[in-house]
Amino acid sequence: VLSILFFAACGGGFEPPVQEYVALSPVEQAHRISMALRGLRASDAEVQMIQDDPDAVVELAEAYVQGEAFGETIRDLYAEVFRVRAVDSNLPEIGVLEGSTRMERNRILHEEPLALIEHIVNTDQPLTEMVQANWTILDEWGAKAWASHSGYDAAQGGEQVVQFTDGRPGGGVLLTNALLARWGSAGANAHRGRADMVSDTLLCEPFGGRDLPLSGDVDLSDESAVESAIWSEPVCVACHQSLDPIAAHYWYTRARVTNFLIRQSYEVGCPSALALCFPMEMYSSTIPRDAEDQGLRAEGYFGQETGDFKGLGRAIAADPRFAQCQAKRFASYLTQRDLGAIPFEEMVSLQTQLVESGFDAKALAVHIVTSPAFLAKDIVGGEGADALPGLQVLRPEQLHRTVLDLTGFSYDMEATDIGLGLIPLLRDDLVGFRAMSGGVDGFRVATPTHTATPNRLLTLATVAEEAAAALVVLEMTKNARSRKLLFALSDYSESSLRAQLVVLHRRLLREEVAQDAPEIDEGFALWEAALAASADEEGALKTLLAAYLQAPEMLYY
Amino acid sequence: MKNKRISRRSFFAGAGTLGAASLFPLGGWAKESGGKRIILVQADGGWDTTFCLNPRLSSSAIDGPDQFSTMQGVDREEIVDFGNGGPDTLKVMINDAKRASVTTFFDNFASNSIIVNGIYTSSLVHEACRYRMITGTRSNESPDIGMIGGLLGSSEYAVPYLDLGGAGLFGTYSAMTLQLGRSNQIIAHLDRERELPGPRLGVTYPGFVPATAQQSAIEDFLLKRQDRLVGAGFGGASSVQRIADYREALDRKERVLVEAVSGGLLDQIEFGSTPGFGNQAELAVSLMSAGLCHSVGLDSGVSWDTHNQLEQQNELYKDLFLGLLSLSFGLKQVPGLWEETIVVVLSEMTRKPRMNTTGGKDHWPSTSALVFGGGISGGRTLGGSDAGLNALNVNLSSGLVDSSSSGSSLYYSSFVAGLAHAVGQDPAEWFPHEEVLHGIVD
């Protein structure tokens, strides 16, 4: 057991209590790091690397963040932050979007800001670019849906970086078409909901969570009294002096994009550029604005003048709360703790690390997942155990990637014939199981569930059974050396089966055991029971694999 | 979180080593304790209470629902007294041309219904208000009142809290819940023999469904692995909780697989079909009566956020009360169910007294709720609001409006604490720092 000593801070000359982390085994460490950063199990070679040199965890993590799968994790992380993968967000199949499937139209609304952040991280740009970039990323349907961009190569297809041609001054994700569509504004609220989103997602300071004091001094039913109060009544000014100037930046953006309004626009023939028709304008710097006439505050950021989104992005990037909030969000996501559960000292340490690294998201992620606390099984000699991140839970997106990687099976449903397209059932909530399996639906299920639930186990069981069936079909027709997972299974003799079980225990159950270990005896007993219950070895193998793929060690890592 | 009670963990501390069978003893603690089952209905988006529960005709301070009616014939907005005529009598806005279901509901169930008006939400933001109104706290990490009530059935029922609406909040009790999904997709997991479209055209699920003996071998293996996980030496609150949750969720999953068949669930839902509120209501009654679940969360299934077209509230109320009628008559048809159930219907906020410039109304930081059930002595209204829809102070011991200096604001937290008390949970345990609204059941 690798033990790491640390001393709790303690003043007054007392002997600090000595606490000792009980580290995970090398196999468990490799898998936990790999799962957190990539949503994939560590390979045998990677496990061996940590077994040979336990100090190689940083090297391993640094390799992981250079890979494509880390980009997927970044997308998933910020999907929970911005909640853009919203089950109720969709566009109608109309105009230039005719011929698209619902899943393709969903991607228009779900992925644009996430792709932007992923690109920034993948290309080693500072994370602050997420609020300063003056470009975006669109796929082929997004390029058709949104107006005012250039540089998309339709022949190439896929997601590409494009430039705005409508004068959007920067602001990164804050001015992406999809974020504007997701976070619409009721006209009378003058984009304050969007300002709240900005403050919540980027600074971890939601205005909406604050209490509205029950004050007898303002007649809330009197519009003019309310308008006056947000300038003069101290309890109102306290929020509005900060909220309203952020909201003011959105004056030049389209307030709302709804399915209903789009259809309505097409019904009347899309009479002007302001109509909600494709390709849709989401920004116009020519909209006349007279803040004083509207009783609104001018653009600003907590007392600083910003002018436009470029200034806003610059101000946010320079705000220490941005670094602190993003560090906290990374820690929260990667270690599955609520934002509020990140200890202050840890948060400050991560914030410092992020700033000193030049807002290097990869370095931050590596730092988090290689910390002794994250790689600990327990603590002895103190009371710090309850602060450990502890066992991690397979997110639905991770379940998809893990099972695909291990077995070649993807839990999808082909529904193109009814206009939906290929539905990724672990990354969808319309007919899929993302929120039901612990994820968020971007709408009313706003926070993930990090524990076992009956729904989650039902999903895991079904995926395990379907993946077992697919794996047997995919693998057993190949010779053993070219298989992904069943490469140790040369025949159905006991020795061959035990050799294969050792592989399954290492890859799926995160434990390194010998062929004659009790754990393998249990696995072989399962095989014998399965064989007795099955018509042939193939049925028994499916049963065995279905059991291993839904074991608690698959759910937890 | 002030309301987190470790009842489930202490429950497991006693029962955890006894095996699955002993976790679910015959005989319901809920019934023995006198606790109620709860059905929580959310009307998401912010209803305009002047259309129904807090009836107001247009005045200098309020734009009422009468602005959308001809006020002739049956298309007439009318404030009707469905109660005893006293100062706390139950008054409702009716319009039989637009919302006849409202009239029908109160004609039948007013004597078992209470309206609570003037609940102050302390926020104008949808999510913040929703969390407050269903949990009594500002946090979405707290369990909602449906979950709190459902815990009374944690030992007797496979599913203490069935979240049919998909918008429930469970706190640390997620392992005791079940969701069917927006399109009833759970059927793909409960009925594994059923053919469904597969990952490629022409391919169908299932690819492999273990036969009974194969399934038995799988379950034996999972239990062994579960035991190994318990003994693996993971420490700390998070790991301990997650391991305990696995044990609980696995037990409940197995029970659901059995009871979904015996309780008729599989016959009542169809893959790909999004259940409307009426369907949810019928299903709730069916599954409660079958004993699958103790308490249920429902959702009206439509948005009440009428910033632009306030008149839509007519249709929204009509459909909501059609569903509530179905729910109520259904509950009454099952012996004992009407008496042992409290239905709470709420929306996270109401709408401003006056219209905005785009044909709708914006957010207003107070709301109303409808509480009914066979055990409710109804025909009454608790709380209230003034001519401008500002919440009035109340006497929390009675729930009646109290404009004297001793009156208290009726905050969301007191309201939810009052619901906890009404269903038989101890509000002092769940809401130790809150004053409790009385008057719902005593």
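Residues numbered from 1 in each chain as written. Chains lettered and ligands numbered in written order. Predicted model: local features only at pLDDT ≥ 70, side-chain atom pairs only at ≥ 80, totals over all residues. Heavy atoms only, no water.

Caption draft 1: A look at the sheet that holds strand S3 (residues 135-138) of chain A. Residue and element names in this part refer to chain A. Read across the sheet, three strands follow the order S3-S5-S4 without closing on themselves; strand pairing throughout is antiparallel. Looking at strand neighbours, the two that pair on one side only are S3 and strand S4 (149-150), the edges of this open sheet. Relative to strand S5 (residues 160-164), S3 runs antiparallel, the two sharing four bridges. Paired with Ile137 across the strands is Val161, a residue of S5. (Pairing = 2+ DSSP bridges. Helix = DSSP H or I, 4+ residues; strand = E, 2+ residues; numbered from the N terminus.)

Caption draft 2: Representation of the sheet that holds strand S13 (residues 366-372) of chain B in the model. Residues and elements named next belong to chain B. Strand order in the open sheet made by the eight strands is S6-S5-S9-S1-S10-S13-S4-S14, with mixed pairing throughout. Since the sheet does not close on itself, it has two edges, and those belong to strand S6 (177-179) and strand S14 (380-383), each with one partner. Sheet twist, expressed as the average angle between the axes of neighbouring strands with direction ignored, equals 20°. Two strands pair when backbone bridges link them, and strand S10 (residues 341-346) and S13 are joined in this way by four bridges, in the antiparallel orientation. Pairing of Val344 across the sheet is with Val371, part of S13. Docked against the sheet, helix H12 (residues 312-333) engages strand S1 (37-42), strand S9 (293-299), S10 and S13, running at close to 175° with respect to S10. (Axes fitted to C-alpha atoms, helices over the stretch in contact; angles between N-to-C directions. Contact = heavy atoms within 4.5 Å.)

Caption draft 3: Structural context of the packing of aromatic side chains. Within the structure shown, the criterion is met by 32 aromatic pairs over all chains. Residues Tyr161 of chain B and Phe170 of chain B carry aromatic rings whose centres are separated by 5.9 Å and whose planes lie at 80° to one another, so their mutual orientation is edge-to-face. Taking the relative accessible area as the measure of exposure, Phe170 of chain B reaches 12% and is therefore buried. Of note, Arg297 of chain A hangs over the ring of Trp231 of chain A, and the distance from its end group to the ring centre comes to 4.2 Å. The cationic tip of Arg395 of chain A hangs over the ring face of Tyr333 of chain A; the distance from NZ or CZ to the ring centre is 3.6 Å. (Phe/Tyr/Trp six-rings, centres within 6.5 Å; stacked < 30°, edge-to-face > 60°. Buried < 20%, exposed > 50% of the residue type's maximum accessible area, 1.4 Å probe, protein only. Lys NZ or Arg CZ within 6 Å of the ring centre and 35° of its normal.)

Caption draft 4: Spotlight on the pattern of salt bridges. Residues and elements named next belong to chain A. According to the stated counting rule, one finds 47 salt bridges over all chains in the structure shown. When the shortest N-O distance is used, the salt bridge between Arg329 and Asp200 registers 3.7 Å. Placement of the pair is Arg329 in helix H14 (residues 320-335) and Asp200 in helix H9 (residues 192-203), with a sequence separation of 129 residues. Assessed through its relative accessible area of 11%, Arg329 is described here as buried. Between Asp319 and Arg321 there is a salt bridge; the shortest N-O distance is 2.7 Å. For Asp319, a relative accessible area of 10% puts it in the buried group. Each of Arg75, Asp76, Arg85, Arg107, Glu111, Glu118, Glu159 and Arg401 takes part in one network of salt bridges that share partners. (Salt bridge = Lys/Arg side-chain N within 4 Å of Asp/Glu carboxyl O.)

Caption draft 5: Focus on the nonpolar core. Grouped together as the largest cluster of nonpolar side chains are 138 residues, with contacts concentrated most on Phe106, Phe321, Leu324 and Leu370 of chain B. Looking at this core, the element that brings in the most residues is helix H18 (residues 454-475) of chain A, giving eleven residues. The residues touching Phe321 of chain B, leaving out its near neighbours within four places in the chain, are Cys52, Ser101, Val102, Phe105, Phe106 and Leu370 of chain B. Ranked by size, the runner-up nonpolar core spans 97 residues in total, among them Leu114, Leu243, Tyr250 and Leu334 of chain A. (Core = buried A, V, L, I, M, F, W, Y, C linked by side-chain atoms within 4.5 Å.)

Caption draft 6: Geometry of the state of the cysteines. All names here are of chain A. Under the defined criterion, the tally for this structure stands at two disulfides over all chains. A sulfur-sulfur distance of 2.0 Å marks the disulfide that ties Cys204 to Cys325. On the S-S bond that ties Cys204 to Cys325, the torsion sits near 75°, and the link is right-handed. Of the two residues, Cys204 is situated in the loop between H9 and helix H10 (223-232) and Cys325 in helix H14; the sequence distance between them amounts to 121 residues. Among the residues examined, Cys204 registers a relative accessible area of 17% and is labelled buried. Under the relative-accessibility criterion, Cys325 is labelled buried at 1%. Between the sulfur atoms of Cys270 and its disulfide partner Cys277 the distance amounts to 1.9 Å. Between Cys270 and Cys277 the disulfide shows an S-S torsion of about -90°. By sign, it is left-handed. Residue Cys277 is classed as buried on the basis of its relative accessible area, which comes to 8%. (Disulfide = S-S within 2.5 Å.)

Caption draft 7: Layout of unusual backbone geometry. Residues Phe278 of chain A and Pro279 of chain A are joined by a peptide bond in cis, for which omega reads -10°. Here Pro279 of chain A lies in the loop between helix H12 (259-267) and strand S6 (300-301). Geometrically, the link from Tyr205 of chain B to Pro206 of chain B is a cis peptide bond, its omega value of 0° lying close to zero. Of note, the phi angle at Asp124 of chain A is positive, near 60°, even though the residue is not glycine.

Caption draft 8: Local environment of the pairing of S9 of chain B. Residue and element names in this part refer to chain B. Of all seven residues in S9, seven are buried; the element is thus mostly enclosed. In this sheet, S9 lies alongside strand S5 (residues 159-163) in parallel orientation, the contact comprising four bridges. For Leu162, the partnering residue across the bridge sits in S9 and is Val296.

Caption draft 9: Region of the structure containing the interface of chain B and chain A. Every contact between the two is made by 89 residues of chain B and, on the other side, 94 residues of chain A. Of the roughly 7,200 Å² buried at the junction of chain B and chain A (both faces included), carbon and sulfur atoms supply 57%. Viewed at the interface, chain A and chain B are joined by twelve salt bridges. Residues Arg182 of chain B and Asp88 of chain A are paired through a salt bridge, measuring 2.6 Å at the closest nitrogen-oxygen approach. Per-element accounting of the side of chain B that touches chain A gives the leading share, 13 residues, to helix H9 (residues 237-262) of chain B. Each residue belonging to the side of chain B that touches chain A can be placed in one class, and the counts come to 40 nonpolar, 29 polar and 20 charged. (Buried area = accessible area lost by both parts, 1.4 Å probe. Nonpolar A, V, L, I, M, F, W, Y, C, P; charged D, E, K, R; others polar.)

Caption draft 10: A look at the environment of Leu430 of chain A. Looking at the secondary structure, you find Leu430 of chain A in the loop between strand S10 (421-424) and H18. By relative accessible area, Leu430 of chain A is classed as buried at 15%. Put simply, Leu430 of chain A and Gly269 of chain A are 161 residues apart on the chain and 31 Å apart in space, counted from C-alpha to C-alpha. In this view, Leu430 of chain A contacts Val87, Arg102 and Leu420 of chain A together with Arg182, Ser183 and Gln185 of chain B; residues no more than four positions away in its chain are not counted.

Caption draft 11: Up close: the packing of H14 of chain A against helix H15 (residues 344-356) of chain A. Residues and elements named next belong to chain A. Remark: H14 packs on H15, axes separated minimally by 8 Å, with the N-to-C direction vectors making an angle of 110°. By the angle class used here, H14 and H15 are roughly perpendicular. Considering only the axes of H14 and H15, their crossing is right-handed. Here Pro320, Ala323, Gln324, Gln326, Ala327, Lys328 and Ala331 of H14 lie close against H15, whose contacting residues are Glu346, Met347, Leu350, Gln351, Leu354 and Val355. (Parallel < 35°, antiparallel > 145°, perpendicular 65-115°, else oblique. Left-handed = near helix turned anticlockwise from the far one by under 90°.)

Caption draft 12: Looking closely at helix H13 (residues 412-423) of chain B. Residue and element names in this part refer to chain B. For H13, spanning twelve residues, the distance from its first C-alpha to its last is 17 Å, which sits close to the expected 16 Å at 1.5 Å a residue. With eleven of twelve residues buried, H13 is to be regarded as a mostly interior element. Along H13, the residues classified as buried are Tyr412, Ser413, Ser414, Phe415, Val416, Ala417, Gly418, Leu419, Ala420, Ala422 and Val423. Immediately beyond the C-terminal end of H13, within one or two residues, lies Gly424, with a positive phi of roughly 110°. (Expected span 1.5 Å × (residues − 1).)

Caption draft 13: Highlighting the side chain of Gln398 of chain A. All names here are of chain A. By the element assignment, Gln398 lies in helix H17 (residues 396-407). In this structure Gln398 comes out as buried when scored by relative accessible area, which is 3%. Separated by 3.1 Å, the side chain of Gln398 and the backbone oxygen of Met35 make a polar contact. Those residues within four positions of Gln398 in sequence are excluded, and the remaining contacts are Met35, Ala36, Gly39, Gln336, Val393 and Tyr557. (Polar contact = N/O pair within 3.5 Å; in protein donor to acceptor, adjacent residues only side chain to side chain.)

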